[in-house]
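Here are the chains, one letter per residue:
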Amino acid sequence: QVDKSLSVIRDVFLAKDQDPFHCGWHVDDTGFWPSTSSSPGINAWIAIDDMPKSTGGGFALSIGSHLAEWKEEVYNITGSTFTLPDEGYRDAEDMFQRRGVGTCNIKNAASHLHEKLEDVKRVYDLRAGDVILHTRWLFHRTVPFEYDFIQKQKSLRNKIDKLSEDSLLYRRYSIRYSPGNAILPKGYGTELSLLHNPELEGKTLDEVTGIDGPWYPQCWPAIDQNELSGMKNIFQNKMVIAEETRKHRMKEMAPFLQEMGRQKRKSQLDNVHQGKKYENQGKSSASFGNKLKKKQDGGGEF
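Residues numbered from 1 in each chain as written. Predicted model: local features only at pLDDT ≥ 70, side-chain atom pairs only at ≥ 80, totals over all residues. Heavy atoms only, no water.

J.: Honestly, the packing of aromatic side chains in this entry has me stumped. Any pointers?
T.: Two numbers describe a pair of aromatic rings. These are the distance of the centres and the angle of the planes. For the coordinates displayed, the defined rule picks out seven aromatic pairs. Arranged with centres 4.4 Å apart and planes meeting at 10°, the rings of Tyr75 and Phe82 form a pair that is stacked. Where Tyr75 meets Phe139, the ring centres are 5.6 Å apart and the plane angle is 20°; that geometry is what we call stacked. Here the residue Tyr75 occupies a position in helix H1 (residues 71–78), and Phe139 occupies one in the loop between strand S5 (131–135) and strand S6 (140–142), the gap between them amounting to 64 residues. An aromatic cluster of at least three residues, connected via ring pairs, comprises Tyr75, Phe82, Trp137 and Phe139. (Phe/Tyr/Trp six-rings, centres within 6.5 Å; stacked < 30°, edge-to-face > 60°. Helix = DSSP H or I, 4+ residues; strand = E, 2+ residues; numbered from the N terminus.)

J.: Sorry if this is basic, but what is going on with the nonpolar core here?
T.: Inside soluble globular proteins, nonpolar side chains tend to come together where they are buried. Core analysis: the largest hydrophobic core is formed by 15 residues, its most contacted members being Trp25, Trp70, Val74, Ile106, Leu113, Leu117 and Phe139. At the level of elements, H1 and helix H4 (111–119) are the ones that each hand at least two residues to this core. Not counting chain neighbours up to four residues away, the residues in contact with Phe139 comprise Trp25, His26, Val27, Ala60, Leu61, Ser62, Ser65, Lys71, Val74, Tyr75 and Leu117. In terms of nonpolar packing, the next biggest core, distinct from the first, is built from 14 residues, Leu194, Leu200, Val208 and Trp215 among them. (Core = buried A, V, L, I, M, F, W, Y, C linked by side-chain atoms within 4.5 Å. Buried < 20%, exposed > 50% of the residue type's maximum accessible area, 1.4 Å probe, protein only. Contact = heavy atoms within 4.5 Å.)

J.: Quick question: what am I supposed to make of the sheet that holds S5 here?
T.: Across a sheet, strands are paired by hydrogen bonds formed along the backbone, either parallel or antiparallel in direction. Reading across from one edge, S5-S2-S7-S1-S8 is the order of the five strands in this open sheet, with antiparallel pairing throughout. Single-partner strands in this sheet number two, and they are S5 and strand S8 (218–220). Across the sheet, the mean angle separating the axes of adjacent strands is 35° when strand polarity is ignored. Judged from the two bridges that link them, strand S1 (residues 6–16) and S8 form a sheet pairing that is antiparallel. Across the sheet, Ser7 pairs through a bridge with Gln218, a residue of S8. (Pairing = 2+ DSSP bridges. Axes fitted to C-alpha atoms, helices over the stretch in contact; angles between N-to-C directions.)

J.: What should I look at first to understand the sheet that holds strand S3 (residues 59–62) in this one?
T.: What the three strands build is an open sheet, ordered S4-S3-S6; its pairing is antiparallel. The sheet is open, and its two borders are formed by strand S4 (121–123) and S6, each paired with just one other strand. Here the average twist between neighbouring strands, direction ignored, is 25°. Note that S3 and S4 share three bridges and pair antiparallel. Bridge assignment links Leu61 to a residue of S4, and that residue is Arg122.

J.: Help me out: how do you make sense of H1 in this one?
T.: An α-helical turn contains 3.6 residues, so any two residues separated by three or four positions project in the same direction. Turning to H1, its buried residues number three or more, namely Lys71, Val74, Tyr75 and Thr78. One face of H1 carries all of its buried residues, which in axial projection span an arc of 105°. In this structure, the buried residues of H1 make contact with helix H3 (106–109) and H4. Directly beyond the C-terminal end of H1, a positive phi value near 70° is found at Gly79. (Arc of directions from axis to C-beta.)

Function cannot be inferred from these measures alone, as they are strictly geometric.
As structure tokens, this is what we get:
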């Protein structure tokens, strides 16, 4: 059923720095898009800085991946919203045991699916103010900065102003829109509206507004002035209370997130070391070949 209203279900400010580690191909889970898999949505991804394709640091889309025959396999491996049980998760342990390898880890968990996503990748030359609109189910990922660009920027900073290495940032702002009949998930999580009032679990965005105020304000067909006034109470009071509860949830989740991070970084470092091993083997082979040729030519010791 098509709803006649559109709400802002989440907005987030993001920035890519020079850290080579980044979130791989994914669709946003309930932590970034708090609605069930039956609820559609559109993401407006806005470039705050210029992001030339040549430098990296931008945004990649896997065109048509939301319609691919193999998408369910990726959903299951990464533990996307499509794998969320109807009743939700019981606690942090249940969440991490049942949600696959994690949202960002498809490359290490299933390289053949990563390659399928890469095959239809598109990266744009972006200028500040450009907007990319895409369905919430289109696979996307961050693009790390190109190594040569990072080294060039470091050299410039050393010569000019001695800025810290962290000054290399490409900023972006994301606004996620869903219809008013989109449904909030049930169970364990970190969504502020649900931490403030658990009775909102399984309710639509429109129902939430009627019960507990404009946590998800309507933006189409018109902005509701009463909702704008009510948002002040959300920000100054209800959100403050909910944030305290979320701190406790994050402490419960921390050991699982840390272990997931260790596993991801170990796998990525193993890949880097393996690449260097092959590179060194190639150099050794080339050196051996040069020595052999030199010996055959009658010059030098073998």
